[in-house]
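A structural walkthrough
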Amino acid sequence: MAAPKVAVVGAGVIGLSTALCIAETCPSCSVTVLSEQSSPNTTSDVAAGMLIPHTYPGTPIHVQKQWFKETFAYLFAISNSAEASEAGIHLVSGWQVFKNTPKEELPFWSDVVLGFRPMSKAELQKFPQHRFGQAFTTLKCDCPPYLLWLEKRLKATGVQMYTRKVADLWELHSEYNVVVNCAGIGARQLVGDEKLFPIRGQVLKVHAPWVKNFIRDGDGLTYIYPGIHRVTLGGTREKESWSLSPDAGTTKDIFDRCCALEPSLRGARDIEVKVGLRPSRQCVRLQREVLSQGGVQLPVVHNYGHGAGGFSVHRGTAKEAARLVGECIAALQGSSSRAKL
Ligand SMILES: Cc1cc2nc3c(=O)[nH]c(=O)nc-3n(C[C@H](O)[C@H](O)[C@H](O)COP(=O)(O)OP(=O)(O)OC[C@H]3O[C@@H](n4cnc5c(N)ncnc54)[C@H](O)[C@@H]3O)c2cc1C
Ligand SMILES: *[C@@H]1O[C@H](CO)[C@@H](O)[C@H](O)[C@H]1NC(C)=O
């Protein structure tokens, strides 16, 4: 078989990182990214980009932990290189606070982030309404710069990117040998997955450069995540809401909740409001499937449904998707060499 042609549908963090892993693990592959929208117009551009895993109830914990570990190690190396500022990756320390001690005092990811420990009494004095907390250092992606950095890496490895809405994966069968589905919430329509649903999230990006530590309310929805230039204030989790327009009442509510946690935010300026739809599912769909029509086959690898935690696991799931693409190619090469005999 000549250079296998691989199409990746989607240019959010999952599509771009998956295309990069495929290009890295299969240098003979010709990889193309097809997407309806790209940065700055994807859900991934709206995300806060904090590396704090969300738990997928349908995926074994050791698998989720492995995905998170691989992602953390990959971004940690970038944060420690000359690329860090362009890629928008940095370490950030802070606190997750609770009104009462949580059932699970040690989350599964506590030994992946750095310096995880219970907060001291002195630290807790900053949070008079909270009685327990965890301090740690993690990584954060400034999302639009990180997506642009991934695009630049892709172009440098010869990956082509085109704007194209794909109505049906089958329409790609005559042009590509393998198709990878990284369409995020778009997969609901693209492959008719009714288990995939949106969880709407609204956030504010503000100018408050004196806020250096992250703060997350472990019992609720409120968080304050400082990035390189802006601080992200969140958030909301609205199941099955498809609205992409900001809601003014929600903006005020988020701002008030964040000020209750960090009163200095009353002085924040330049409030910008963003909305995104988290592609939510019981578990990430990361698997091979073979589509066939009239004796013609098209191998597909799905990698979507990362919900509230796509940034936290993207490199781990991209590596697994690239491994599955390798299996598809090996299967194609096996059948084409048998056909020659
Ligand atoms: C407010 C908010 C805050 C968040 N904060 C965090 C956080 O701090 N940490 C974290 O880990 N995660 C966070 N997330 C979650 C994270 O944003 C998602 O898990 C992640 O962005 C999903 O990436 P994706 O590439 O699958 O989807 P997307 O970014 O939506 O990309 C999907 C791509 O597929 C394309 N596409 C879809 N359908 C088609 C089609 N038919 N044809 C062609 N192209 C198509 C789209 O145009 C797009 O390019 C947050 C999400 C929100 C909304
Ligand atoms: C993002 O969306 C805006 C508004 O629809 C559009 O003008 C712009 O070209 C889009 N950017 C990209 C990179 O697709």
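Residues numbered from 1 in each chain as written. Chains lettered and ligands numbered in written order. Predicted model: local features only at pLDDT ≥ 70, side-chain atom pairs only at ≥ 80, totals over all residues. Heavy atoms only, no water.

**Things to note about the environment of Ile228**
Mapped onto the elements of the fold, Ile228 is located in the loop between strand 10 (223-226) and strand 11 (231-234). For Ile228, a relative accessible area of 39% puts it in the partly exposed group. With 143 residues separating them in the primary sequence, Ile228 and Ser85 have C-alpha atoms 8.5 Å apart. In this structure Ile228 touches Gly88, Ile89, His90 and Asp142, once residues within four positions along its chain are discounted. (Helix = DSSP H or I, 4+ residues; strand = E, 2+ residues; numbered from the N terminus. Buried < 20%, exposed > 50% of the residue type's maximum accessible area, 1.4 Å probe, protein only. Contact = heavy atoms within 4.5 Å.)

**Remarks on the UniProt feature "domain: FAD dependent oxidoreductase" (unreviewed entry) in the chain**
In this structure's numbering, the residues bearing the UniProt feature "domain: FAD dependent oxidoreductase" (unreviewed entry) are residues 5-324. Split by type, residues 5-324 is 28% helix and 31% strand. Its first and last C-alpha atoms lie 15 Å apart. (UniProt positions renumbered as here; feature names shortened; annotations may be inferred.)

**Some thoughts on the site of ligand 2**
Looking at ligand 2, the residues that line it are Ser38, Ser39 and Asn41. Here an oxygen atom of ligand 2 and a side-chain polar atom of Asn41 are 2.2 Å apart. (Near = heavy atom within 4 Å. Polar contact = N/O pair within 3.5 Å; in protein donor to acceptor, adjacent residues only side chain to side chain.)

**Topic: the pattern of salt bridges**
Where side chains of opposite charge bring their charged atoms close, a pairing between them can arise. Using the criterion set out here, one finds 20 salt bridges in the structure. Residue Asp256 is joined to Lys252 by a salt bridge in which the shortest nitrogen-to-oxygen separation is 2.7 Å. In this pair, Asp256 and Lys252 are both assigned in helix 8 (residues 248-261), four residues apart and thus about one turn of the helix distant. Two residues, Arg266 and Asp256, come together in a salt bridge whose shortest N-O distance is 3.4 Å. (Salt bridge = Lys/Arg side-chain N within 4 Å of Asp/Glu carboxyl O.)

**Remarks on the site of ligand 1**
Taken together, 37 residues surround ligand 1, and among them Gln37, Ser44, Val166, Gly307 and Ser312 come closest. Within the backbone of Ile14, one N or O atom sits 3.1 Å away from an oxygen atom of ligand 1. Gly49 places a main-chain nitrogen or oxygen 3.1 Å from an oxygen atom of ligand 1. Expressed as a share of its isolated accessible area of 1,000 Å², the protein-covered part of ligand 1 is 95%. (Areas by Shrake-Rupley, 256 points an atom, 1.4 Å probe, with all protein chains shown as cover.)

**Some details on the sheet that holds strand 7 (residues 178-181)**
Judged by pairing direction, the sheet is mixed, and its six strands sit side by side in the order 6-2-1-7-15-14 without closing on themselves. The strands lining the two open edges of the sheet, one partner per strand, are strand 6 (160-163) and strand 14 (285-293). In this sheet, neighbouring strand axes are inclined to one another by 20 degrees on average, regardless of whether the strands run parallel or antiparallel. Alignment of strand 2 (residues 30-35) against strand 6, held across four bridges, turns out to be parallel. Within strand 6, the position partnered with Val33 by the bridge is Met161. (Pairing = 2+ DSSP bridges. Axes fitted to C-alpha atoms, helices over the stretch in contact; angles between N-to-C directions.)

**Focus on a nonpolar patch on the surface**
There is a patch of nonpolar side chains on the surface, built from Phe76, Leu91 and Leu114 and spanning about 220 Å² of accessible area. Note that Phe76 resides in helix 3 (residues 61-79). Here Phe76 falls in the partly exposed class, since its relative accessible area comes to 33%. (Patch = residues over 30% accessible without salt bridge, like charges linked within 9 Å, V, L, I, M, F, W, Y side chains within 5 Å.)

**Looking at the state of the cysteines**
Working definition: the covalent bond between the sulfur atoms of two cysteines is a disulfide. Counted according to the given criterion, the structure contains one disulfide. Covalently, Cys26 is tied to Cys29 through a disulfide, its sulfur atoms 2.1 Å apart. Taking the sign of the S-S torsion, 80 degrees for the link of Cys26 and Cys29, the bridge is right-handed. Taking the relative accessible area as the measure of exposure, Cys26 reaches 14% and is therefore buried. Exposure remark for Cys29: the relative accessible area of 11% places this residue in the buried category. Between Cys21, a free cysteine, and Cys182, which holds the nearest cysteine sulfur, the sulfur-to-sulfur gap is 10 Å. Classification of Cys21 as buried rests on a relative accessible area of 2%. Looking at the unpaired Cys328, the closest cysteine sulfur is the one in Cys29, lying at 10 Å. We classify Cys328 as buried; its relative accessible area is 2%. (Disulfide = S-S within 2.5 Å.)

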